[in-house]
Amino acid sequence: MTEYQTVEPDDQAVLRDGTIKLHGAEAFEGMRKAGRLAAEILDEIADMVQPGVTTAAIDDKVREMTLDAGAVPATLGYRGYQHSCCISINHVVCHGIPSDKTLKDGDILNIDVTPLLDGWHGDSSRMYFSGEPSLKARRLVEVTYECLMIGIEQAKPGNHIGDIGAAIQQYAESHRYGVVREFCGHGLGRLFHDAPEVVHAARAGTGAEIRPGMLFTIEPMINLGKPAVKLLNDGWTAVTRDKSLSAQFEHSIGITEDGCEIFTLSPRERHKPPYA
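Just so you know, these numbers come straight off a predicted model, no measurement behind them.

A.B. asks: Explain the overall build of the protein to me, please; I cannot follow it from the model alone.
C.D. replies: What the protein contains, in helices and strands, is four helices and 19 strands. Over its C-alpha trace the protein gives a radius of gyration of 17 Å, about what one expects of a compact globule, namely 19 Å for 276 residues. In terms of its C-alpha atoms, the protein occupies a principal-axis envelope of roughly 50 × 45 × 35 Å. Across the protein, the fraction of contacts at a sequence separation of at least 24, relative to all contacts at a separation of at least 6, is 70%. Accessible area of the protein: about 11900 Å², with a carbon and sulfur share of 49%. Of the side-chain charges in the protein, 27 are positive and 39 negative, and the distance between the mean point of each set is 7 Å.

A.B. asks: Any chance you could explain the sheet that holds strand E5 (residues 92–94) here in plain terms?
C.D. replies: Backbone hydrogen bonds are what pair the strands of a sheet, in a parallel or an antiparallel way. If you walk across this open sheet you meet the three strands as E5-E16-E15, and the pairing is antiparallel. Of all strands in the sheet, those bounded by a partner on one side alone are E5 and strand E15 (229–231). Strand after strand, the sheet turns through a mean of 40° between neighbouring axes, direction not considered. Relative to strand E16 (residues 238–240), E5 runs antiparallel, the two sharing two bridges. The residue of E16 that forms the bridge with Cys-94 is Ala-238.

A.B. asks: In this structure, what is going on with the side chain of Ser-125? I would like to understand it.
C.D. replies: Assignment of secondary structure puts Ser-125 in strand E9 (residues 124–130). Take Ser-125: its relative accessible area is 1%, and that puts it in the buried class. In terms of polar contacts, Ser-125 uses its side chain to reach the side chain of Asn-110, at 3.0 Å.

A.B. asks: Honestly, the pattern of salt bridges in this entry has me stumped. Any pointers?
C.D. replies: Should their charged atoms come close, side chains of opposite charge can pair. Using the criterion set out here, one finds 14 salt bridges in the structure. Two residues, Arg-36 and Glu-40, come together in a salt bridge whose shortest N-O distance is 3.0 Å. Taken together, the residues Arg-36 and Glu-40, both in helix H1 (residues 25–45) and four residues apart, mark about one turn of the helix. Residue class for Glu-40 comes out partly exposed when judged on its relative accessible area of 32%. Here Asp-43 makes a salt bridge to Arg-126, at a shortest N to O gap of 2.7 Å. With a gap of 83 residues between them, Asp-43 in helix H1 and Arg-126 in strand E9 connect regions that are remote in the sequence. Like Arg-126, Asp-43 is buried. Ionic contacts of the salt-bridge type, sharing partners, join the residues Asp-17, Lys-21 and Asp-194 into one network.

A.B. asks: It is not clear to me how the sheet that holds strand E17 (residues 246–248) should be interpreted in this structure. Could you clarify?
C.D. replies: Read across the open sheet, the three strands follow the order E10-E14-E17; overall the sheet is antiparallel. Pairing within the sheet leaves two strands with one partner each, and these edge strands are strand E10 (178–179) and E17. Relative to strand E14 (residues 221–223), E10 is paired through two bridges, and the arrangement is antiparallel. Within the sheet, the bridge partner assigned to Gly-178 lies in E14 and is Asn-223. Each of E14 and E17 touches helix H3 (residues 135–153); the most contacted strand, E17, lies at about 35° to it.

Quick notes on the rules
Residues numbered from 1 in each chain as written. Predicted model: local features only at pLDDT ≥ 70, side-chain atom pairs only at ≥ 80, totals over all residues. Heavy atoms only, no water. Helix = DSSP H or I, 4+ residues; strand = E, 2+ residues; numbered from the N terminus. Rg over C-alpha atoms; globule rule 2.2 N^0.38 Å. Contact = heavy atoms within 4.5 Å. Areas by Shrake-Rupley, 256 points an atom, 1.4 Å probe, with all protein chains shown as cover. Lys, Arg positive; Asp, Glu negative; His and termini not counted. Charge placed at Lys NZ, Arg CZ, Asp CG, Glu CD. Pairing = 2+ DSSP bridges. Axes fitted to C-alpha atoms, helices over the stretch in contact; angles between N-to-C directions. Buried < 20%, exposed > 50% of the residue type's maximum accessible area, 1.4 Å probe, protein only. Polar contact = N/O pair within 3.5 Å; in protein donor to acceptor, adjacent residues only side chain to side chain. Salt bridge = Lys/Arg side-chain N within 4 Å of Asp/Glu carboxyl O.

Structure below.
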């Protein structure tokens, strides 16, 4: 049975105890600021993504912008992770590690950032093009963004978490794409990862009831081929088993009385590539 917990405005010690947290106006304001910073970082680094640039240089820029804004990268030191963002290229599904590897013409990549600002986590990711990708890569990215927004449409009081995944799965599979099952969206706020788990392939009407005050991410990972993934020996990098391309978009949202608020919208309307 799903348990819910109302979080008081001055409650700094929020525990990951399996309960779904219901937050008030102060939390929403904190998430707006953290989410906006995440979106501003993703806006700014769009101009860096081009052939010949290393993913380490992008990671350095993310760290610089995060610290300059008075925040810290939530990934830095998280479970031993040593970088300020995740950068996942082509067949990497998620948690790609920045390195001295240079981007090539035609690469598609996801950049995932989570600034921790004044105790609140702003978690968001977008796809980017390095040079000119193939038509099938462009279409995959476009459909993945549409999957995200279709899922967000289901994030409203009275619906269930499963309604989000059902809508995403139906749309992705109508294009003959695979929906990754091994990773999902998650509750957040003062915690980086919390209940509920927001799966992206599900049966409508299942899962926790969506209630006002909930904070969580929706972040579908969509594969050009089959949905299966595997984890590399570094313990972080997940790739498609069939080496097909993969794409992902992520927003952090809060449930309102009549729908949801997206905290991580692009201030410069750079929601998806190509970024002019």
